[in-house]
Structure formats: C-alpha cells, structure tokens
Amino acid sequence: MLHYAIVFIVIALIAAVFGFGGIAASAVGIAKILFFVFLAMAVITFLVGLMKK
C-alpha cells in the first residue's frame, strides 16, 4: 500500500510540473486514500500482534 501511495505522489509531482492540474489533483487524492488505508492496516496488524502474545 505504501509503495502505491508513493508512486501516486510521484505521478502527481510529474503531472504538476508539466501543468496537468486535474491529473495531479486526482493522483494526490488517490495517494492520500492509500496512505490512510496503509496506516489503518498497520495499526490493526500491530494491535492484533500485541493481543496474540
């Protein structure tokens, strides 16, 4: 998940440099969603790991 979020941020930066504002905004939105999904999954995995010990 984090890998895909970074890829979309890079796409957004490249699109912004070349003046494609709509594509850049969409890519940033997707990257934000993926990043927060990654954070939620990481926290859940950490808590489940603590409970199993």
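Just above sits the structure.
Residues numbered from 1 in each chain as written. Predicted model: local features only at pLDDT ≥ 70, side-chain atom pairs only at ≥ 80, totals over all residues. Heavy atoms only, no water.

Taken N-terminus to C-terminus, the directions of helix H1 (residues 2-17) and helix H2 (residues 21-52) make an angle of 160°; their axes are 8 Å apart at the nearest point. Taken together, the axes of H1 and H2 lie roughly antiparallel to each other. H2 is crossed by H1, and the crossing has left-handed handedness. From H1, Leu2, Tyr4, Ala5, Phe8, Ile9, Ile11, Ala12, Ala15 and Ala16 reach across to H2, where they touch Ile23, Ala24, Ala27, Val28, Ile30, Ala31, Leu34, Phe35 and Phe38. Of the residues in the contact of H1 with H2, the class split is 18 nonpolar, no polar and no charged. (Axes fitted to C-alpha atoms, helices over the stretch in contact; angles between N-to-C directions. Helix = DSSP H or I, 4+ residues; strand = E, 2+ residues; numbered from the N terminus. Parallel < 35°, antiparallel > 145°, perpendicular 65-115°, else oblique. Left-handed = near helix turned anticlockwise from the far one by under 90°. Contact = heavy atoms within 4.5 Å. Nonpolar A, V, L, I, M, F, W, Y, C, P; charged D, E, K, R; others polar.)

Without other data, these values stay purely geometric and don't point to any function.
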